[in-house]
Amino acid sequence: MEREEIAARYSQAFVKNDVSAVMKLMHPHAIFYDAYWGECSTGNELAKYLDDAFENDAHWYEQVGNLVITASGFVIRYLAFHKSDLRGKTPIYNGAEVFTMSKGLIKSISDHYCDPAAIELIEMS
């Protein structure tokens, strides 16, 4: 699969909160790193981590700009909106997911963002 196709499939699966579809795109030894929380998941933990993240997420996401193709993968830039903001009028934060590839599968995802909500920043600190 080409990177563009993998990125599109990943985005579709993410929007649908479809852990199984995301995992089909992942290398067996893939790593997901959430830079904001400093959490890293791999192996058998990864599907559980994604399932928990989807279940507890109060946001929806929209890709902004074009897919950025890199030598070893791609980058998806996005805006996050609160689920109550159905029309996407007020972005809460922006971020980028950096993907590396191995043998046509996603080897790693590093999610970089900063949630400016005071309660989240207090909890993290």
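Our structure is the block above this text.
Residues numbered from 1 in each chain as written. Predicted model: local features only at pLDDT ≥ 70, side-chain atom pairs only at ≥ 80, totals over all residues. Heavy atoms only, no water.

## Details of the pattern of salt bridges
Under the defined criterion, the tally for this structure stands at 2 salt bridges. For Glu5, the salt bridge is made with Arg9, and the minimal N-O distance between the two is 2.7 Å. Of this pair, Glu5 and Arg9 both sit in helix H1 (residues 3-15), separated by 4 residues, roughly a single helical turn. (Salt bridge = Lys/Arg side-chain N within 4 Å of Asp/Glu carboxyl O. Helix = DSSP H or I, 4+ residues; strand = E, 2+ residues; numbered from the N terminus.)

## Things to note about the environment of Val75
You can see Val75 is positioned in strand E5 (residues 73-82). Between the C-alpha atom of Val75 and that of His29, which follows or precedes it by 46 residues, the distance is 20 Å. When sequence neighbours within four positions are dropped, the list of residues in contact with Val75 reads Leu67, Val68, Thr70, Ala96, Glu97 and Val98. (Contact = heavy atoms within 4.5 Å.)

## Structural notes on the nonpolar core
Soluble globular proteins tend to pack their nonpolar side chains together in the buried interior. Judged by nonpolar contacts, the single largest core of 21 residues is most densely connected at Tyr10, Met26, Leu50, Phe74, Phe99, Ile106 and Ile109. Only H1, helix H2 (19-24), strand E1 (26-34), helix H3 (44-56), E5, strand E6 (93-102) and strand E7 (105-113) provide two or more residues apiece to this core. Ranked by the residues each element gives to this core, the list is headed by H1, at 5 residues. Leave out the neighbours within four places in its chain, and Ile106 touches Ile6, Tyr10, Leu25, Met26, His27, Ala30, Phe99, Thr100 and Met101. If you look at the next biggest cluster of nonpolar residues, it comprises 5 residues, including Tyr36, Tyr78, Ala80 and Tyr93. (Core = buried A, V, L, I, M, F, W, Y, C linked by side-chain atoms within 4.5 Å. Buried < 20%, exposed > 50% of the residue type's maximum accessible area, 1.4 Å probe, protein only.)

## Some remarks on unusual backbone geometry
One non-glycine residue, Asn17, lies in positive phi territory at about 55 degrees. With respect to the secondary-structure elements, Asn17 resides in the loop between H1 and H2. The backbone of Lys103 shows a phi angle near 55 degrees, a positive value even though the residue is not glycine. Summarising the element assignment, Lys103 is placed in the loop between E6 and E7. Overall, the relative accessible area of 80% leaves Lys103 in the exposed class.

## Some details on H3
Between its first and last C-alpha, H3 extends 19 Å over 13 residues, near the 18 Å set by a 1.5 Å rise per residue. Contacts from the buried residues of H3 go to H1, H2, E1 and strand E2 (39-42). (Expected span 1.5 Å × (residues − 1).)

## Here we look at the pairing of E5
Counted residue by residue, E5 has 7 buried out of 10 residues, so it is predominantly covered. Both strand E3 (residues 59-63) and E5 contribute to a ladder of 5 bridges, which runs antiparallel. If you follow His59 over to E5, its bridge partner there is His82. As paired elements, strand E4 (residues 68-69) and E5 share 2 bridges and run antiparallel to each other. (Pairing = 2+ DSSP bridges.)

## A short note on the side chain of Asp85
One can find Asp85 in the loop between E5 and E6. Although Asp85 lies buried, it forms no salt bridge, and the closest oppositely charged side chain, Lys89, sits 7.1 Å away as judged by the N-O distance. A polar atom in the side chain of Asp85 sits 2.8 Å from the backbone nitrogen of Thr90. Non-local contacts of Asp85, meaning those with residues more than four positions away in its chain, are made with Trp60 and Thr90. (Lys, Arg positive; Asp, Glu negative; His and termini not counted. Polar contact = N/O pair within 3.5 Å; in protein donor to acceptor, adjacent residues only side chain to side chain.)

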